[in-house]
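# Coordinate inspection notes
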Amino acid sequence: MTVTLSPWREEMIPAVYAHARDPRIAANLRDVFPTPYRYEDAEVFVRDCMAREGQGRLCRAILVEGETVGSIGVFVQSDVYRRSAELGYWLAVPWWGKGIMTEAVRAICREAFRAFDIVRIYAEPFARNTGSCRVLEKAGFTLEGTLRRSVYKGGEILDSRVYALLREELELPDIHTHGGERL
């Protein structure tokens, strides 16, 4: 199975809409991810990724055999956190549990450490999202802690977890990544 990360293009909007409207995706993301997900939400998302590319952020489409099946991004923080970046991602439900996101996380982290003057990439999945926690662990992230009762989602107060990957923990081969690199 060929998995690639690609810069966003407008022709990817219909696929984003088709996959992102599954409520199981929104259930694992922050409320900024709309639900119900409308076609206009996909348009705004893809166009925003295209317009703000390189402005302290990397946003990539996840492609499997050329089909857009998800999104992944790294976002450099500000103020005293300016040497850290947050990782966020989602994947279409039919592709869950196939190792795709682990590959995508590894690839975007390599690209982010090359592109930005950061020392740390972190992610904060809901503790109940065991699939996402496992992705991060398999990609080399370390569990730094559980934030008890830190999130309010879907009428519930939930725990979240903090995972991080440090630059020195990732071996970076002497190659440069470009959009559409095979993972």
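In what follows, the structure referred to is the one given above.
To keep things clear, this report deals only with the structure shown in the data block. (Residues numbered from 1 in each chain as written. Predicted model: local features only at pLDDT ≥ 70, side-chain atom pairs only at ≥ 80, totals over all residues. Heavy atoms only, no water.)

### Section: the nonpolar core
Grouped together as the largest cluster of nonpolar side chains are 35 residues, with contacts concentrated most on Ile 62, Ile 72, Leu 87, Met 101, Val 105, Ile 121 and Phe 141. For this core, the secondary structure elements donating two or more residues are β1 (3-6), β2 (57-64), β3 (67-76), β4 (84-91), α4 (100-115), β5 (120-123), α5 (130-138) and β7 (156-166). For this core, the element with the most residues is α4, which contributes nine residues. When residues no more than four places from it in sequence are discounted, the contact partners of Met 101 are Ile 62, Ser 71, Ile 72, Tyr 89, Trp 90, Leu 91 and Val 135. Counting 18 residues, the second-largest nonpolar core is a separate cluster that includes Ile 13, Ala 42, Leu 63 and Val 93. (Core = buried A, V, L, I, M, F, W, Y, C linked by side-chain atoms within 4.5 Å. Buried < 20%, exposed > 50% of the residue type's maximum accessible area, 1.4 Å probe, protein only. Helix = DSSP H or I, 4+ residues; strand = E, 2+ residues; numbered from the N terminus. Contact = heavy atoms within 4.5 Å.)

### With respect to the sheet that holds β3
Strands in a sheet are paired, the pairing made by backbone hydrogen bonds, and the direction either parallel or antiparallel. Judged by pairing direction, the sheet is mixed, and its seven strands sit side by side in the order β1-β2-β3-β4-β5-β7-β6 without closing on themselves. Only two strands of the sheet have a single neighbouring strand rather than two, namely β1 and β6 (142-153). Direction aside, neighbouring strands of the sheet carry axes that sit 25° apart on average. Two elements, β2 and β3, share eight bridges in a ladder whose sense is antiparallel. The residue bridging Arg 57 from the neighbouring strand is Phe 75, located in β3. In the packing of helix α1 (residues 13-20) onto the sheet, the strands contacted are β3 and β4, and the crossing angle to β3 comes to about 90°. (Pairing = 2+ DSSP bridges. Axes fitted to C-alpha atoms, helices over the stretch in contact; angles between N-to-C directions.)

### Let's talk about the pairing of β4
Note on strand geometry: in a regular strand, side chains alternate between the two faces of the sheet. Counting buried positions over the eight residues of β4 gives seven, a clear majority of the element. Two strands pair when backbone bridges link them, and β3 and β4 are joined in this way by seven bridges, in the antiparallel orientation. From the neighbouring strand, Gly 73 faces β4, where its bridge partner is Gly 88. Sheet topology places β4 next to β5; three bridges connect them, and they run parallel. Bridge pairing in β5 links Ser 84 to Arg 120.

### Observations concerning the packing of aromatic side chains
Overall, the coordinates contain four aromatic pairs when judged by the stated rule. Seen in terms of ring centroids, Trp 8 and Phe 45 are 5.4 Å apart; in terms of plane orientation they differ by 80°. Their pairing is edge-to-face. Taken together, the positions of Trp 8 in the loop between β1 and α1 and Phe 45 in helix α3 (residues 39-51) put the pair 37 residues apart, joining distant regions of the chain. Classification of Trp 8 by relative accessible area gives buried; the value is 6%. Taken together, Phe 33, Tyr 37 and Trp 90 form an aromatic cluster joined through their ring pairs. (Phe/Tyr/Trp six-rings, centres within 6.5 Å; stacked < 30°, edge-to-face > 60°.)

### Digging into the pattern of salt bridges
Two side chains that carry opposite charge are able to pair once their charged atoms sit near each other. Counted under the stated rule, the structure contains 16 salt bridges. For Asp 48, the salt bridge is made with Arg 52, and the minimal N-O distance between the two is 3.8 Å. As a salt-bridge pair, Arg 57 and Asp 48 come within 3.2 Å of each other at their nearest N and O atoms. Overlapping salt bridges, with partners in common, bring together Arg 30, Glu 86 and Glu 124 in one network. (Salt bridge = Lys/Arg side-chain N within 4 Å of Asp/Glu carboxyl O.)

### Thoughts on the side chain of Ser 6
Structurally, Ser 6 is set in strand β1. Among the polar contacts listed, one links the side chain of Ser 6 to the side chain of Arg 9, at a separation of 3.0 Å. (Polar contact = N/O pair within 3.5 Å; in protein donor to acceptor, adjacent residues only side chain to side chain.)

### A short note on the packing of α1 against α3
The geometry of α1 relative to α3 is characterised by a closest axis approach of 9 Å and an angle of 125° between their N-to-C directions. Classified by the angle between their axes, α1 and α3 sit oblique to one another. Considering the relative orientation of α1 and α3, their crossing is right-handed. Facing Ile 13, Pro 14, Val 16 and Tyr 17 of α1, the residues of α3 in contact are Tyr 39, Ala 42, Glu 43, Phe 45, Val 46 and Arg 47. A class-by-class count of the residues in the contact of α1 with α3 yields eight nonpolar, no polar and two charged. (Parallel < 35°, antiparallel > 145°, perpendicular 65-115°, else oblique. Left-handed = near helix turned anticlockwise from the far one by under 90°. Nonpolar A, V, L, I, M, F, W, Y, C, P; charged D, E, K, R; others polar.)

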